[in-house]
Amino acid sequence: MNYRTGLSERPQYDVVEKPWCIKVNANETNMNLPPLVFERVMSRLSHVAFNRYPNEEEDFLKEAIAKSYSLTKQNVLLGGGSSEIIEKLFYSFGGDDKAIVYPMPSFSMYRIYAYAADAKGVVAPLKEDYSFDAEEFIETVNKNNTSLAVLCNPNNPTGGAVPVETVEHIVKNISCPFLVDEAYMEFYGKSATPLLKKYPNLLIARTFSKAYGLAAARVGYLLADEKIIDMVSRSFMPYHMNVLSLVTADIVYQMRHEYEPRIAMIISERKRVAAELAKIDGIKVYPSETNFLLVKCGNGEALNEAFVRKNIGVRSFGKAKNLENCLRISMGLREENDEIIDVIKLFSEGRD
Ligand SMILES: Cc1ncc(COP(=O)(O)O)c(C=O)c1O
């Protein structure tokens, strides 16, 4: 077989999947669509014109999103999850070993997209407590002739967030395009979107997969200056968004207020679980502004095995650099979270 050079060495997303009893390993929402939204989606799907390419549906969704940020549809690009958006951005600003800077630890796919785009992934390390070092980030961007700088805010997998003022400080002090990946923003609430009109090199990626519980439909979007949207959209196939996902996301977006109670519930569960875990000996819980918690203990592998024995899937980072002995746990339903707390308690008491 004559595959593309470098394909076999390409790093891969490594997550262990099986039919878990409790699945809290992918920062999904552990509830299906709110009933009213579900009903509207089902009714809308019965009117889909399956024979047509989805021109209109794409425009409707872009317009709805643009309007909510007082932007125009030329400022919006849709993708198959924000994954596709980020991958295409790395492609668009990559090639020729150009530098793309992102923090570490952060979303593991940045490294993979940089590799796939023939770019050089350059990391700006977080501090030891996983707080973000804006000056280090700015310096790394400026000394590497960077073509794209990326900040995940709030950050996956550490959970911490930086204020809008820090995002503005960065964008003022770098000249390359600056992508802020706001996949978890609904759980934090302080988006950098108001800065978009002021800074044409600021780009913001959002997703329907997390707070809107629509991971299965694969819909995300990019907000940016129209010249950037125009260039990046050249890297997509025509009609890359399918009509089922477009109309579903459109209904979800129109009805996004229906999600407010569950977002509030997830935030309050995160606070409750964090407080409970902090009481357990040998367990460190990092501050989080997301729908998950990063937990560190003396032996992460053994704790992960204790979860596996109970058929609970959490995200274990194995020996990943700077994440040794860390597990990331998404917030499930209250009863699921109670079981998770119990597993950790028993583990710490040596009774699992
Ligand atoms: C920080 C971050 N960005 C982007 C994504 C991609 O999400 P999706 O492709 O489902 O929009 C994820 C998913 O886990 C994420 O954690």
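Attention in this report is confined to the structure presented alongside it. (Residues numbered from 1 in each chain as written. Predicted model: local features only at pLDDT ≥ 70, side-chain atom pairs only at ≥ 80, totals over all residues.)

Quick word on the site of the ligand
- The ligand sits among 13 residues. The nearest are Gly-81, Ser-82, Ser-83, Thr-207 and Ser-209.
- Per-element tally for the shell around the ligand: the top contributor is helix α3 (residues 81-93), with 3 residues. (Near = placed C-beta within 6 Å. Helix = DSSP H or I, 4+ residues; strand = E, 2+ residues; numbered from the N terminus.)

Some words on unusual backbone geometry
- The omega torsion of the bond from Met-104 to Pro-105 falls at 0 degrees, within 30 degrees of zero and hence cis.
- Along the chain, Pro-105 falls in the loop between β3 (99-104) and α4 (109-116).
- With an omega of -5 degrees, the peptide bond running from Asn-153 to Pro-154 counts as cis.
- Looking at the element boundaries, Pro-154 is found in the loop between β5 (146-152) and α6 (164-173).
- Its identity as a non-glycine residue notwithstanding, Ser-70 has a phi of 55 degrees, on the positive side.
- Here Ser-70 lies in the loop between α2 (55-68) and β2 (76-79).
- One non-glycine residue, Tyr-130, lies in the positive phi region at around 70 degrees.
- With respect to the helices, strands and loops of the structure, Tyr-130 is situated in the loop between β4 (120-125) and α5 (134-143).

Details of α4
- Listing the buried residues of α4 in full gives Met-109, Tyr-110, Tyr-113 and Ala-114. Buried residues of α4, viewed axially, fall in a sector of 140 degrees; they line one side.
- The first or second residue beyond α4 is Asp-118, which carries a positive phi of 55 degrees. (Buried ≥ 20, exposed ≤ 12 C-beta atoms within 10 Å, placed from the backbone. Arc of directions from axis to C-beta.)

Thoughts on the sheet that holds β2
- With respect to topology, 7 strands assemble into an open sheet ordered β2-β8-β7-β6-β5-β3-β4, the strand pairing being mixed. Each end of this open sheet is capped by a strand with a single partner; those strands are β2 and β4. Mean inter-strand twist for the sheet, computed between neighbouring axes without regard to direction, equals 25 degrees.
- Across 3 bridges, β3 lies against β5 in parallel orientation. When the bridges of β5 are listed, Val-101 appears paired with Ala-149.
- Across the sheet, helix α7 (residues 226-233) is in contact with β2, β7 (202-207) and β8 (220-223); its angle to β2 comes to roughly 30 degrees. (Pairing = 2+ DSSP bridges. Axes fitted to C-alpha atoms, helices over the stretch in contact; angles between N-to-C directions. Contact = placed C-beta atoms within 7 Å.)

Observations concerning the sheet that holds strand β9 (residues 284-285)
- Ordered in space as β9-β10-β13-β12, the 4 strands form an open sheet in which the pairing is antiparallel. Unpaired on one side and paired on the other, β9 and β12 (315-316) mark the two borders of the sheet.
- Pairing geometry for strand β10 (residues 292-296) and strand β13 (residues 326-330), over 5 bridges, is antiparallel. Pairing of Lys-296 across the sheet is with Cys-326, part of β13.

Treat this as a map of the structure, not an account of what it does.
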